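Topology and contacts: notes
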Number of protein chains: 2
Amino acid sequence: MKGIRQLAEHLAISIGTVSRALNGKPDVNEETRRRVLAAAEALGYVANQSGRSLRQGETRVIGLMIESSAEAVENADNFFLGVTSGLQSVFARHKLDLVMLPCPSDEDPHEYLKRMVARRIVDAMIISNTQRIDRRIGFLSRAEIPFVAVGRSLSASNSRWIDLDFEGVADRAVERLVARGHRRIAITAPLSEVNLGYVFVESYRRALERHGIRFDPSLVIRVKSSEQGGYQAAHELLLLPDRPTAIILIYELMAIGLYRRLMESGVMPGRDLAVIGFRDAPRARFLQPSLSCFRMSLYDLGIALGQMLLAHMPAYRVLYPNAGRNIIWPLELVSGESDAFEVGRGDKEFASEHWSK
Amino acid sequence: MKGIRQLAEHLAISIGTVSRALNGKPDVNEETRRRVLAAAEALGYVANQSGRSLRQGETRVIGLMIESSAEAVENADNFFLGVTSGLQSVFARHKLDLVMLPCPSDEDPHEYLKRMVARRIVDAMIISNTQRIDRRIGFLSRAEIPFVAVGRSLSASNSRWIDLDFEGVADRAVERLVARGHRRIAITAPLSEVNLGYVFVESYRRALERHGIRFDPSLVIRVKSSEQGGYQAAHELLLLPDRPTAIILIYELMAIGLYRRLMESGVMPGRDLAVIGFRDAPRARFLQPSLSCFRMSLYDLGIALGQMLLAHMPAYRVLYPNAGRNIIWPLELVSGESDAFEVGRGDKEFASEHWSK
DNA sequence: CTGAAAGCGCTTACAG
DNA sequence: CTGAAAGCGCTTACAG
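Residues numbered from 1 in each chain as written. Chains lettered and ligands numbered in written order. Predicted model: local features only at pLDDT ≥ 70, side-chain atom pairs only at ≥ 80, totals over all residues. Heavy atoms only, no water.

1. As for helix α1 (residues 4-11) of chain A
Note on helix geometry: an α-helix contains 3.6 residues per turn, so any two residues three or four positions apart are oriented the same way. Residue and element names in this part refer to chain A. To keep it simple, the criterion reads: Three exposure classes are used, based on accessible area relative to the maximum for each residue type with a 1.4 Å probe and protein chains only: buried under 20%, partly exposed in between, and exposed over 50%. Strands here mean DSSP runs of E at least two residues long; helices mean DSSP runs of H or I at least four residues long; both are numbered from the N terminus. Arc definition: directions from the helix axis to the C-beta atoms. We call two residues in contact when some of their heavy atoms are within 4.5 Å.
Restricting attention to buried positions, one finds in α1 the residues Leu7, Ala8 and Leu11. The arc that holds the buried residues of α1, viewed along the axis, is 100°, so those residues lie on one side. Facing away from the buried surface of α1 by more than 90 degrees, the exposed residues are Arg5, Glu9 and His10. Looking at the buried residues of α1, the elements they touch are α2 (15-22) and α3 (30-43). The positive-phi residue at the C-terminal boundary of α1 is Ala12, with phi of around 55°.

2. Notes on empty space enclosed by the protein
We count it as follows: In the cavity and pocket records, a cavity denotes points on a 1 Å grid over the protein atoms alone where a 1.4 Å probe fits but cannot get out, a pocket denotes an open set with protein on both sides within 12 Å along at least 5 of 7 lines, and lining residues are residues with an atom within 4 Å of a point. Grid points are joined across faces, edges and corners, and a volume is the space filled by probe spheres set on the points.
For the coordinates displayed, the defined rule picks out one cavity of 30 Å³ or more. The computed volume of the largest cavity comes to approximately 200 Å³. For the largest cavity, the lining is made up of 16 residues, of which A:Arg120, A:Ile121, B:Thr59, B:Arg120 and B:Ile121 are closest to its centre. Those elements that provide at least two residues to the lining of the largest cavity are α4 (49-56) of chain A together with α4 (49-56) of chain B.

3. Focus on the protein's contact with DNA strand D
We apply this condition: Here a residue is considered near a molecule or strand provided that any single heavy atom belonging to it is located within 4 Å of it. The term polar contact refers here to a pair of N or O atoms within 3.5 Å; inside protein, the definition further demands a hydrogen-donor-capable atom paired with an acceptor-capable atom, and it admits residues adjacent in sequence only when both atoms are side-chain atoms.
Around DNA strand D, the surrounding shell holds 26 residues, and the nearest of these are A:Thr32, B:Ile4, B:Ser19, B:Arg52 and B:Arg55. What you see for DNA strand D is that sugar and phosphate hold 60% of its atoms within 4 Å of the protein. Within the backbone of B:Gly51, an N or O atom sits 2.9 Å from a base nitrogen of DNA strand D. Within the side chain of B:Gln56, an N or O atom sits 3.3 Å from a phosphate oxygen of DNA strand D.

4. Thoughts on the protein's contact with DNA strand C
Our working definition: Each residue gets one of three labels, nonpolar for Ala, Val, Leu, Ile, Met, Phe, Trp, Tyr, Cys and Pro, charged for Asp, Glu, Lys and Arg, and polar for the others, Gly among them.
Taken together, the neighbourhood of DNA strand C is formed by 26 residues, with A:Ile4, A:Ser19, A:Arg52, A:Arg55 and B:Thr32 sitting nearest. Atoms of DNA strand C within 4 Å of the protein: sugar and phosphate make up 60%, bases the balance. A distance of 3.2 Å separates a base nitrogen of DNA strand C from a polar atom in the side chain of A:Arg20. One of the side-chain nitrogen or oxygen atoms of A:Tyr45 is found 2.9 Å away from a phosphate oxygen of DNA strand C. Those elements giving two or more residues to the surface near DNA strand C turn out to be α2 and α4 of chain A together with α2 (15-22) and α4 of chain B. Counting residues per element, the surface near DNA strand C draws most heavily on α4(A), which supplies five residues. Across the surface near DNA strand C, the residue classes tally to eight nonpolar, 11 polar and seven charged.

5. Let's talk about the UniProt feature "domain: HTH lacI-type" (unreviewed entry) in chain A
Heads up, the condition is: UniProt positions are given in the numbering used here, feature names are shortened, and annotations may be inferred rather than shown by experiment.
Sites flagged by UniProt as "domain: HTH lacI-type" (unreviewed entry) map to residues 2-56 of chain A. A helix fraction of 69% and a strand fraction of 0% characterise residues 2-56 of chain A, whose end C-alpha atoms lie 20 Å from each other.

6. Quick notes on the sheet that holds strand β9 (residues 274-279) of chain B
Strand pairing in a sheet takes place through backbone hydrogen bonds and is either antiparallel or parallel in direction. Residue and element names in this part refer to chain B. To keep it simple, the criterion reads: For two strands to pair, DSSP has to find at least two bridges joining them. Fitted lines through C-alpha atoms serve as axes, helices being fitted only where they are in contact, and the angles separating the N-to-C directions of these axes extend from 0 to 180 degrees.
Across the sheet, six strands lie side by side as β7-β6-β8-β9-β10-β12; this open sheet has mixed pairing. For this open sheet the edge positions go to β7 (220-222) and β12 (332-334), each flanked by a neighbour on one side alone. Along the sheet, successive strands turn relative to each other by an average axial angle of 20°, direction set aside. Where β9 meets strand β10 (residues 292-295), two bridges bridge the pair, whose relative direction is parallel. Across the sheet, Arg279 pairs through a bridge with Phe294, a residue of β10. Along the sheet face, helix α10 (residues 195-210) touches β6 (185-189), β7, β8 (246-248) and β9 and points at about 165° away from the line of β6.

7. Brief notes about the interface of chain B and chain A
We count it as follows: Once two parts are brought into contact, the accessible area they lose, counted with a 1.4 Å probe and summed over both, makes up the buried area. One speaks of a salt bridge when a side-chain nitrogen belonging to Lys or Arg is within 4 Å of a carboxyl oxygen belonging to Asp or Glu.
Between chain B and chain A, the contact holds 54 residues from the first and 54 residues from the second. For the chain B and chain A pair, buried surface summed over both sides reaches about 4700 Å², with 55% attributable to carbon and sulfur atoms. When the buried area of chain B at its contact with chain A is split by residue, B:Arg119, B:Arg283 and B:Phe286 rank highest and sum to 18% of it. A salt bridge links B:Asp97 to A:Arg115; its shortest N-O distance comes to 2.9 Å. Seen at the junction of chain B and chain A, the total is 11 residue pairs in polar contact (both at pLDDT 80 or more). Counting only elements with at least two residues in the side of chain B that touches chain A, the list comes to α4, β1 (61-67), α5 (70-75), α6 (79-91), β2 (97-103), α7 (109-118), α11 (227-239) and α12 (254-264) of chain B. For the side of chain B that touches chain A, a count of residues per class yields 26 nonpolar, 15 polar and 13 charged.

8. Observations regarding the packing of α7(B) against helix α8 (residues 135-142) of chain B
Residues and elements named next belong to chain B. Where we set the bar: We call two directions roughly parallel when the angle between them is under 35 degrees, roughly antiparallel when it is over 145, roughly perpendicular when it lies between 65 and 115, and oblique otherwise. Definitions for this section: a left-handed crossing has its near helix turned counterclockwise from the far helix by less than a right angle. A right-handed crossing has that turn clockwise.
Where α7 contacts α8, the two axes come as close as 9 Å, and the packing angle between them is 20°. The orientation of α7 with respect to α8, classified from their angle, is roughly parallel. Judged by the sense of rotation from one axis to the other, the crossing of α7 with α8 is right-handed. Along its contact with α7, which presents Pro109, His110, Glu111, Leu113, Lys114 and Val117, the element α8 presents Arg135, Arg136, Phe139 and Leu140. Considering only residue class, the contact of α7 with α8 consists of five nonpolar, one polar and four charged.

9. Section: the nonpolar core
The following threshold applies: Buried residues of nine kinds, namely Ala, Val, Leu, Ile, Met, Phe, Trp, Tyr and Cys, make up a nonpolar core once their side-chain atoms join them within 4.5 Å.
Formed by 175 residues in total, the largest nonpolar core has its most connected members in A:Phe91, A:Tyr204, B:Phe91 and B:Tyr204. In terms of nonpolar packing, the next biggest core, distinct from the first, is built from 42 residues, A:Leu113, A:Ile137, A:Leu140 and A:Ile145 among them.

10. Section: the side chain of A:Thr59
Tracing the chain through its elements places A:Thr59 in the loop between α4 and β1 (61-67). By relative accessible area, which is 6% here, A:Thr59 ends up buried.

11. Here we look at the pattern of salt bridges
Residue and element names in this part refer to chain A. Enumeration according to the criterion identifies 44 salt bridges over all chains in this entry. Between Arg135 and Asp108 there is a salt bridge whose closest N-O contact spans 3.7 Å. Placement of the pair is Arg135 in helix α8 (residues 135-142) and Asp108 in the loop between β2 (97-103) and α7 (109-118), with a sequence separation of 27 residues. Owing to a relative accessible area of 34%, Asp108 belongs among the partly exposed residues under this scheme.

12. Things to note about the sheet that holds strand β8 (residues 246-248) of chain A
All names here are of chain A. The sheet built from six strands is open, its strands ordered β7-β6-β8-β9-β10-β12 with mixed pairing. Lying at the two open borders of the sheet, with one neighbouring strand each, are β7 (220-222) and β12 (332-334). On average, each strand axis in the sheet is tilted by 20° relative to the strand beside it, whichever way the strands run. The pairing of β8 with strand β9 (residues 274-279) spans three bridges and is classified as parallel. Bridged to Ile248 within β9 is Ile276.

13. Some remarks on the domain arrangement of chain A
Formally: Where a domain begins and ends is set by an automatic assignment or by a domain database.
When the domains of chain A are assigned, the result is domain 1 (4-47), domain 2 (61-159 + 299-330) and domain 3 (166-295 + 333-356). Centre-to-centre, using C-alpha coordinates, domain 1 of chain A lies 35 Å away from domain 2 of chain A.

14. Overview of the confidence of the model for chain A
Residue and element names in this part refer to chain A. Put simply, the test is: The predictor attaches a confidence to each residue, called pLDDT, with possible values from 0 through 100.
Across chain A, the average pLDDT comes to 88, with 93% of residues at or above 70. For chain A, per-element mean pLDDT is lowest for helix α14 (residues 348-356), which scores 40, and highest for β8, which scores 97. Note on residues 345-357: pLDDT under 50 across the span, and 10 contacts to partners over four residues away in sequence or across chains.

15. Some words on the environment of B:Met296
All names here are of chain B. Residue position: Met296 is located in the loop between β10 and α13 (298-310). For Met296, a relative accessible area of 12% corresponds to the buried category. Expressed as a C-alpha distance, the spacing of Met296 and Phe79, which sit 217 residues apart in the sequence, is 11 Å.

16. Regarding α7(B)
The complete set of buried residues in α7(B) reads B:His110, B:Tyr112, B:Leu113, B:Met116, B:Val117 and B:Ala118. The inward-facing, buried residues of α7(B) contact β2 of chain A together with β1, β2, β3 (124-127) and α8 of chain B. B:Arg120, located one to two residues past α7(B), shows a positive phi value of around 60°.

Okay, here's the thing in structure tokens:
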């Protein structure tokens, strides 16, 4: 089966009618439609997307841009694959297909995005790994390409994003640790300009200050967001004068390397150092002691992203009137053993007493 | 900037000449070409891919089909993202773009593939997660869509694939363990019909028999290829009568759950049970004791896949005369502590003595 | 070396 | 309810 012309010929009918029947237009005789549909099915006909796209000015493809740099690969977990399922469940209802666009490591993400958009491979985009200043946002806005960002950005003055609740996580982590007597609490931050690093550290700073603890920049440990980075973070932490009694990680898998390095030095997480992770991951679930961390549903996040995107595409807007502008995505604390102890000024007993009165 | 017509108007030149200049056709005045290129750059013109595709009958997009089922997400690591970089380095030379096509969990992979191909979103495909019998292979062959599979299949009688060297891995793992006195060696296998499971178990069986060890089906532990599956595998192993002294894992991250379960029972990997993993992964590198496993370069695999695919696309065939049909991809053993001990008939001393003479 | 024109496979006003 | 025709944005024989 080649094209619509052959199908029409086979049915002895015009291509216009075939097209209308296939696309569910109302003004087609039901018997005709039935025959067309049956023949298309039998002959395996599916409309050539290039023809449709050219005529309609849309591709019915949504792009999810991800990074495939060496570091991204090294750190990769299932985040985007998890989100993908949720996105697809929304897009499938409108016969939109999702493709993942991996930006090569040696290409500037902004240039890559421009190329993809200009080529008109997709109708709309989901971008991620948002930078503090991100030129992609202005570009997509000016080009009038509907898009949603995973992660807020200073550049996103007038565009849509969903971001994880870094403030909430930092708040609750700090509060929990302070309640257990911790005063010197370290935190990890990414090396790159990715905006979540700024947001997370700032939230941590404010949370500390609310509890009357001075922010100490030397307790912000900048490392890669990977297992390796966790190992490095533990290494740096152990070298700090007046060693912190707790650490908050920005990425759950860092706990794997962190635990390893601590144990090499005989420092026991959950006894000598409190550790709180970020998202939970299957990998981190097998850590011993189990990791206190924050949980979320990637699938639900995907659904929210998909709905928010459709809410800003002219063709679907009316169907998603309630998909608000920006969302801070909540995470739920999962209590583990990695921070299940109390510290005091001098000894652990003091902390317990102090705490119980 | 809209289309080629506007660009041509702006240059006071015909669209045909603009097109030829942009596409590097030889019969264009160099001065004209320079002007066209400069104007395109200045005005941000990039050819609309739908128009090109329709006219040329090709999209210049290559698809990499991956699974996004719940289990795939759960088990996901950086395998495909790693391969992606290598693929792109090959495709970039020919201005081909790579998109990842995630098959939704609730859609049959065969139907999904048909839809993608029929819509003509891509010119060629890389498929993965090859099943023992895989209808996608016959479909792509009949449709004359160039493709390469990651993983061999019984269906691939006349098509191209690259697969990991499961035989070599099983051989060397068994040989290494037997040399250290092990006779009861367990192995994990996937629950699904994915072909690598069959290949791996069969290679293990043959390796055992070469060493005069009878194959015992009860030592093939079928679990999910994930951390959770590793936990389950350890659980089942501990319940086996006449407990095995060694286990070979088909997926490196299983070691994380396996270690956890073993340690819960006071069984120490590397002392009470020898463990050999498959590929190494950043995650598994932090295990203690360190995991003996097999290493490979995902980037190089991506390059080989890309070249093999291009070697079977009419437009590029001549450029890749040496990209053979099928490749068994070698892996290199990385010696860790997880199998660094010897066992004997009765006690460890015997084995050492036996071994040293 | 350049221009004018055909046509890739569709969808969609328009006419009947 | 159906058909004939235009046209989406390109590339490419063809003529000059």
